[in-house]
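Below are the chains, spelled out letter by letter.
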Amino acid sequence: MALTAEESGRLAALLSEHVDQVTQRWVETVAASLRGRLSQVELRTQLQELHRAIVATAENGVVDLDAEHAAELRAVLAELSRGRARQGFSATETAISVFALKDVLLELLESHGGESTLRDYVAFSGLIDAMGLFTFESYVRTREGLIADQAEQLLELSTPVVKLWEGVVAVPLVGTLDSARAQVVMERLLQTLVDTGSPYAIIDITGVPAVDTQVAQHILKTVVAARLMGADCIISGIRPQIAQTIVALGIEFGDIATKASLADALRHVLRLTGVETTRRSRRGA
Amino acid sequence: MERVPILKIGDILLVSIQVDMSDQTALQLQEDLAERIVATGCHGVIIDITALDIVDSFVGRMLSTIASISKVLDAETVVVGMRPAVAITLVELGLSLNGIRTALNVERGMELVAAARADESPYDHELADESDEAETTGSP
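Since we're looking at a predicted model, the values are computed, not measured.

Things to note about the confidence of the model for chain A
Summarising the model, chain A shows a mean pLDDT of 84, and 96% of its residues fall at 70 or more. No element of chain A has a lower mean pLDDT than helix H1 (residues 5–17) of chain A, at 79, and none a higher one than strand E4 (residues 232–236) of chain A, at 93.

This is the structure we're talking about:
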């Protein structure tokens with residue numbers, strides 16, 4: 001992995017002497033593997049930057065990718081793999097961008113190398129392997145970051161608490177309700193009850209694909225917690241199949257009001273609070 | 001030893017718990033409250049626990065006991081201002097504070113006590129209702 005000062009000097013000389021040839025061959029090889037999903041111009045800019053960083057690092061006499069002087073090279077590699085990960089390239093396609101340099105170097109050494117060609121090639125290729133591994137690691141880290149971000153966004157997006165009426169809030173649950181989400185829903189609902197001073201909450205489960213004992217347990221806990229705080233909960237949006245499942249599983253909702261639709265639940269709450277709704281006769285009818 | 005103050009507002013006794021409850025404080029509060037209910041003849045007790053960060057099984061039992069004592073003395077107990085975190089903890093612990101009425105804040109608690117009293121003795125509120133109607137009726 002480590003290059004001696006002599007070897008890195010030779011690498012720098014070799015690369016900087018044949019700049020155009022190296023980048024041209026490099027871009028061609030990488031472009032072939034990416035099959036036109038990245039424009040030649042963009043690819044050329046990226047690889048030229050990487051080329052410059054390698055030469056600069058090698059000229060400094062750096063022998064190791066982990067060394068302090070190689071910080072710039074590491075930054076360029078990390079930037080390259082971050083970009084690839086975001087654009088949706090696979091790990092192999094990202095790593096090939098670096099490994100393609102080996103073929104180019106081999107060609108160069110064959111035509112221009114002296115007596116130490118073989119030893120040089122082994123040393124250079126060790127460095128390129130290290131660079132490839134580093135690229136791969138950055139790629140995985142970026143991907144993990146993306147996944148974590150998305151999971152968090154999903155958690156936030158999927159649990160809005162909306163105000164339906166004066167003193168009535170509703171939580172339309174969409175998607176599977178696991179422990180983590182149930183916790184978020186419960187916290188957000190209770191906090192909204194305090195903030196708005198609403199004594200009624202409607203939990204709408206139209207968007208929940210399946211209700212098993214665990215989901216029911218989560219919903220019941222939320223209702224009991226809301227009751228402890230002095231608010232009443234109504235469960236609405238129970239689809240026919242879900243009603244059958246609930247009965248088949250023997251889940252008891254006790255004295256918690258359940259309604260078929262959100263509209264029914266709202267009407268129920270309005271009646272409890274003493275709000276009367278009337279239909280005004282249309283003009284001209 | 002710290003004592004929890006009991007305030008009388010109209011027909012209601014307001015207990016705002018601002019200190020950490022110890023066994024002694026809790027017992028003292030039960031005694032004081034029973035005495036005050038008898039002395040004032042109030043029919044409602046509101047216990048405000050907004051300031052309580054932690055409600056454990058001991059405090060939960062204290063609240064239940066106070067509610068039972070008040071019930072015997074013909075007073076309605078409402079616990080108000082429970083924080084979301086406290087409610088979640090109680091549910092996770094499996095304590096549901098059976099037999100205790102709850103409300104979001106003191107204002108709602110007072111409404112609840114008034115409503116409960118109105119259900120029991122409709123004559124007390126007849127005068128107030130009539131004066132309300134007199135203001136709003138304006139038929140041509």
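Notes on the packing of helix H4 (residues 71–87) of chain A against helix H6 (residues 117–157) of chain A
Residue and element names in this part refer to chain A. At a closest axis distance of 8 Å, the pairing of H4 and H6 adopts a crossing angle of 45 degrees. Judged on the interaxial angle alone, H6 and H4 are oblique. By crossing handedness, the relation of H4 to H6 is classed as right-handed. Each of Arg74, Leu77, Ala78, Leu80, Ser81, Arg82, Arg84, Ala85 and Arg86 in H4 lies in contact with H6, whose residues at this interface are Met131, Phe134, Thr135, Ser138, Tyr139, Thr142 and Arg143. Residue composition of the contact of H4 with H6, by class: seven nonpolar, four polar and five charged.

As for the interface of chain B and chain A
Contacts between chain B and chain A engage 14 residues on the former and 16 residues on the latter. When contributions to the side of chain B that touches chain A are tallied by element, the ones reaching two or more residues are helix H3 (84–93) and strand E5 (101–103) of chain B. For the side of chain B that touches chain A, a count of residues per class yields ten nonpolar, three polar and one charged.

Focus: the nonpolar core
One finds Ala201(A), Ala225(A), Ala226(A), Met229(A), Ile46(B) and Ala87(B) to be the most contacted residues of the largest nonpolar core, which totals 70 residues. A per-element tally of this core places helix H8 (residues 213–229) of chain A first, with eight residues. Every residue in contact with Ala201(A), bar those within four places of it in the chain, is listed here: Val169(A), Val171(A), Leu189(A), Leu193(A), Ala226(A), Ala231(A) and Cys233(A). Judged by nonpolar contacts, the second largest core, of 29 residues, contains Leu47(A), Leu65(A), Val98(A) and Leu108(A).

Thoughts on the sheet that holds E5(B)
Neighbouring strands of a sheet are bound in pairs by backbone hydrogen bonds; such pairs are parallel or else antiparallel. Residue and element names in this part refer to chain B. The strand order E1-E2-E3-E4-E5 describes an open sheet built from five strands, whose pairing is mixed. The sheet is open, and its two edges are formed by strand E1 (6–9) and E5, each paired on a single side. The mean inter-strand angle of the sheet, taken between neighbouring strand axes irrespective of direction, is 25 degrees. Here five bridges tie strand E2 (residues 12–16) to strand E3 (residues 44–48), and the two strands are oriented parallel to one another. Bridge pairing links Ser16 to Asp48 in E3.

A closer look at the packing of helix H7 (residues 179–196) of chain A against H8(A)
Axis angle and axis distance: for two packed helices, these are the angle between their axes and the distance between the axes, and together they describe the pair. All names here are of chain A. Remark: H7 packs on H8, axes separated minimally by 10 Å, with the N-to-C direction vectors making an angle of 20 degrees. Regarding the angle of H7 to H8, the classification is roughly parallel. Crossing handedness for the pair H7 and H8: right-handed. Every residue of H8 that contacts H7 at Ala182, Val185, Met186, Leu189, Leu190 and Leu193 is listed here: His218, Lys221, Thr222, Ala225, Ala226 and Met229. Residues of the contact of H7 with H8, tallied by class, amount to nine nonpolar, two polar and one charged.

What to know about the sheet that holds strand E3 (residues 200–207) of chain A
All names here are of chain A. One open sheet holds the five strands; their spatial order is E1-E2-E3-E4-E5, and the pairing between them is mixed. Every interior strand has two partners, whereas the edge strands, strand E1 (162–165) and strand E5 (257–258), have only one. Sheet contacts for H7: E1, strand E2 (168–174) and E3; angle to E2, the most-contacted strand, approximately 165 degrees. Against the sheet, H8 engages E3 and E4, with an angle of about 155 degrees to E4.

Some details on helix H4 (residues 106–120) of chain B
Given a rise of 1.5 Å per residue, 15 residues ought to cover 21 Å, and the 21 Å separating the end C-alpha atoms of H4(B) matches this to within 8%. The inward-facing, buried residues of H4(B) abut E2, E3, strand E4 (76–80) and E5 of chain B.

What about the confidence of the model for chain B?
On average, chain B scores 82 in pLDDT, and the residues at 70 or more come to 85%. Scored as a complex, the prediction yields pTM 0.62 and ipTM 0.70.

Brief notes about helix H9 (residues 240–249) of chain A
Across the ten residues of H9(A), zero count as buried, placing the element largely on the outside. Two residues or fewer after H9(A) comes Gly250(A), characterised by a positive phi angle close to 75 degrees.

A word on unusual backbone geometry
All names here are of chain B. One non-glycine residue, Asp74, lies in the positive phi region at around 60 degrees. Assignment of secondary structure puts Asp74 in the loop between helix H2 (57–72) and E4. Given 11 C-beta atoms within a 10 Å radius, Asp74 is considered exposed.

Rules behind the numbers
- Residues numbered from 1 in each chain as written.
- Chains lettered and ligands numbered in written order.
- Predicted model: local features only at pLDDT ≥ 70, side-chain atom pairs only at ≥ 80, totals over all residues.
- pLDDT = per-residue confidence, 0-100.
- Helix = DSSP H or I, 4+ residues; strand = E, 2+ residues; numbered from the N terminus.
- Axes fitted to C-alpha atoms, helices over the stretch in contact; angles between N-to-C directions.
- Parallel < 35°, antiparallel > 145°, perpendicular 65-115°, else oblique.
- Left-handed = near helix turned anticlockwise from the far one by under 90°.
- Contact = placed C-beta atoms within 7 Å.
- Nonpolar A, V, L, I, M, F, W, Y, C, P; charged D, E, K, R; others polar.
- Core = buried A, V, L, I, M, F, W, Y, C linked by C-beta atoms within 7 Å.
- Buried ≥ 20, exposed ≤ 12 C-beta atoms within 10 Å, placed from the backbone.
- Pairing = 2+ DSSP bridges.
- Expected span 1.5 Å × (residues − 1).

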